[in-house]
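Listed here are the chains, written in short residue letters.
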Amino acid sequence: MNDKPSDIIPPGATLAILGGGQLGSMLCEAAKRMGYRTLAVSAHEANPIARWADHHLVADPSDPATAARLAHQAQVITVEAESIDPDALQAAEAAGARVAPAARVQSIVRDRRLEKTFLAGLALPDGQRATGDFRIAENSQQMHRAAEELFAAGASRIVCKTARGGYDGKGQRWIHDPQHAGSVFESLGGVPLVLEAAVDFIAEASVIVARSADGRMTHFPVFANEHRRGILHQTVMPGEFSQATSAQAIGIARLVAEKLDVVGLIAVEQFVLPDGRVLVNELAARPHNSGHVTLRAAGRSQFEMHIAAICGLPLPPVEVLRPGVMTNLLGDLWAKGEPDFPAVLADGHASIHLYGKSPRPGRKMGHMIHTGATVEEARNAADKAFDRLGGQ
Ligand code: AMP
C-alpha cells in the first residue's frame with residue numbers, strides 16, 4: 001500500500017473520465033493545466049465535457065466493455081457522476097486499470113441503502129451515531145412498517161428517497177402520516193426506498209476530503225450550504241461554525257474517507273444540529289457542487305485535489321486564500337432571456353462560470369463565485385448579484 005514512486009502517475013499521462021457533465025468539464029480543465037491529457041466517455045456529442053476533454057468518446061459510460069478498453073488507453077480512470085454503473089468500473093479493474101473511486105466505493109455511494117448502512121456502522125469516537133434514524137423499504141408493506149416505526153420513534157416528518165438515481169431533491173417525497181406511505185411508494189415508482197426521520201437542523205455543511213491510495217489525506221475547510229427547493233443555492237467557505245462543530249464535521253469526513261478506503265475526493269454532506277453536533281446526510285465520491293467555491297477561494301481547487309489524489313501526488317494542507325461564496329445559476333434565471341452578467345462582472349471580486357448547457361427551469365447552468373475580505377462582504381456581494389440577475 002505504500003506510495004512508491006512507481007505509484008505516481010506523472011503529468012503527460014492520460015486520465016479517463018466516465019460521464020459528461022460540468023464536474024467532468026472542470027476536471028478536464030484542471031487536468032490540462034496540470035499537464036495531463038483527458039479522455040472522456042459520455043453518451044452525447046453535445047455534453048458539456050465535449051468542449052474540454054482532449055478526446056471525447058461518445059458511448060455509454062456505464063458499458064463494461066467500453067470501460068475495460070480504457071485500461072489500455074488511460075493510466076487512471078475516474079467518474080464524475082454517481083450514475084456510472086459500478087460494473088463498468090469493475091470491468092476496468094479486471095482489465096488491469098487503476099480506477100478511482102473503486103467499483104466497491106461506487107456501488108456504496110450510488111445506493112442510499114448501502115450508503116446509510118455503511119454510515120450507521122461507523123464507530124464514532126464518542127459513541128454517537130453518524131447519521132439520523134432511517135429504515136429501508138423494498139416494497140409497500142415494508143414501507144408502511146418503516147413509516148410506522150419512525151413515527152413511533154418520534155419522527156415529526158419522514159422523507160422518502162429512492163435508493164438510486166435521485167439528485168437535487170428529485171426522487172424524494174415527505175410524509176406526515178403513515179397512512180400516506182402506500183401512495184408515496186407508488187408515486188416514487190414502486191422502487192426500493194430509504195425512509196429518513198426529519199432532522200431538525202440549524203444549518204447544512206459539507207466537508208471534502210482528498211485521499212490517496214496509500215492513505216494520505218487532506219481536507220478543505222467546512223463549507224456552509226444553503227438549499228432552496230431541494231437544490232444547493234449557495235456555499236460559503238469557510239462556514240461560520242463553532243470550533244467544536246467544525247472539528248466534528250472534519251473528523252467524521254476523514255473517518256468516512258478512511259473506512260470507505262476511498263481514493264480521490266469524498267464529499268460528506270452534513271446537518272448541524274441545534275446543540276452543535278453533526279449528522280451525515282449523504283456522500284459523493286467525486287467533486288461536489290459545494291466545492292466549486294474552491295476554484296477561487298483556495299490555493300488549489302477540488303478538481304486539482306482530486307487529480308492529485310488519484311495520481312498519487314502530494315496532498316498538502318489546503319491554503320485558504322480569501323473567504324468565498326459560490327451561488328448556483330439555475331435555468332430559471334434565463335426565463336426572460338440572457339441574464340445581465342456584465343452587471344455582475346462590474347464587481348472585480350466576482351467570477352462567472354457557465355457550463356454551456358441549454359436553459360431549463362431547475363437545471364444547473366453555471367455558478368458564480370464572490371470573494372471578499374470577510375465572509376460577510378463576500379456574501380453581501382453574492383446576494384446583491386443574485387438579485388441583480390433576477391434570482392429568487
Ligand atoms: P439530499 O438529496 O439527500 O441531499 O436532500 C436534499 C435536501 O433535502 C438536503 O440538503 C436537505 O435540505 C433536505 N433533507 C434531506 N434529508 C433530510 C432529512 N432527513 N431531514 C431534513 N431535511 C432533509
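Keep in mind the model is a prediction, meaning the values are calculated, not measured.

A. Structural context of the sheet that holds strand β4 (residues 76-79). Strand order in the open sheet made by the four strands is β3-β2-β1-β4, with parallel pairing throughout. Two strands in the sheet have a free side with no partner beyond their single neighbour: β3 (55-58) and β4. Across the sheet, the mean angle from the axis of one strand to that of its neighbour is 20°, orientation sign disregarded. Pairing of strand β1 (residues 14-18) with β4 involves four bridges; the strand directions are parallel. Bridge assignment links A16 to a residue of β4, and that residue is I77. Set on the sheet, helix α1 (residues 22-33) makes contact with β1, β2 (37-42) and β4; between it and β1 the angle comes to about 175°.

B. Quick peek at unusual backbone geometry. Backbone torsion omega between A100 and P101 reads 5°, so that peptide bond is classified as cis. Following M237, the chain continues into P238 via a peptide bond in cis, with omega recorded as 0°. Counting through the fold element by element, P238 comes out in the loop between β12 (231-237) and α8 (243-260). Within the chain, R229 stands out as a residue other than glycine whose phi angle is a positive 50°. Relative to the elements of secondary structure, R229 occurs in the loop between β11 (223-228) and β12.

C. The site of the ligand, seen in detail. Close contacts around the ligand come from 16 residues, with K161, Q172, V199, E204 and E282 the closest. Here a nitrogen atom of the ligand sits 2.8 Å away from a polar atom, N or O, in the main chain of V199. The contact in question runs from an oxygen atom of the ligand to an N or O atom on the side chain of H227, over 3.3 Å. Contact with the protein chains covers 92% of the free accessible surface of the ligand, which is 470 Å². Across the shell around the ligand, the residue classes tally to seven nonpolar, three polar and six charged. Looking at which domains feed residues into the shell around the ligand, each of domain 2 (133-197) and domain 3 (203-388) gives three or more.

D. Representation of the confidence of the model for the chain. Of the residues in the chain, 98% have a pLDDT of 70 or more, and the chain-wide mean is 96. Low confidence marks residues 1-5, where pLDDT is under 50. Its contacts with residues over four positions away, or in another chain, come to eight contacts.

E. Focus on helix α12 (residues 375-388). Given a rise of 1.5 Å per residue, 14 residues ought to cover 20 Å, and the 20 Å separating the end C-alpha atoms of α12 matches this to within 8%. Its buried side turned inward, α12 meets β11, β12, β15 (324-330), α11 (341-345) and β17 (364-371). Downstream of α12 by one or two residues, G390 has phi in the positive range, about 85°.

The rules behind the values
Residues numbered from 1 in each chain as written. Predicted model: local features only at pLDDT ≥ 70, side-chain atom pairs only at ≥ 80, totals over all residues. Heavy atoms only, no water. Pairing = 2+ DSSP bridges. Helix = DSSP H or I, 4+ residues; strand = E, 2+ residues; numbered from the N terminus. Axes fitted to C-alpha atoms, helices over the stretch in contact; angles between N-to-C directions. Contact = heavy atoms within 4.5 Å. Near = heavy atom within 4 Å. Polar contact = N/O pair within 3.5 Å; in protein donor to acceptor, adjacent residues only side chain to side chain. Areas by Shrake-Rupley, 256 points an atom, 1.4 Å probe, with all protein chains shown as cover. Nonpolar A, V, L, I, M, F, W, Y, C, P; charged D, E, K, R; others polar. Domains from an automatic or database assignment. pLDDT = per-residue confidence, 0-100. Expected span 1.5 Å × (residues − 1).

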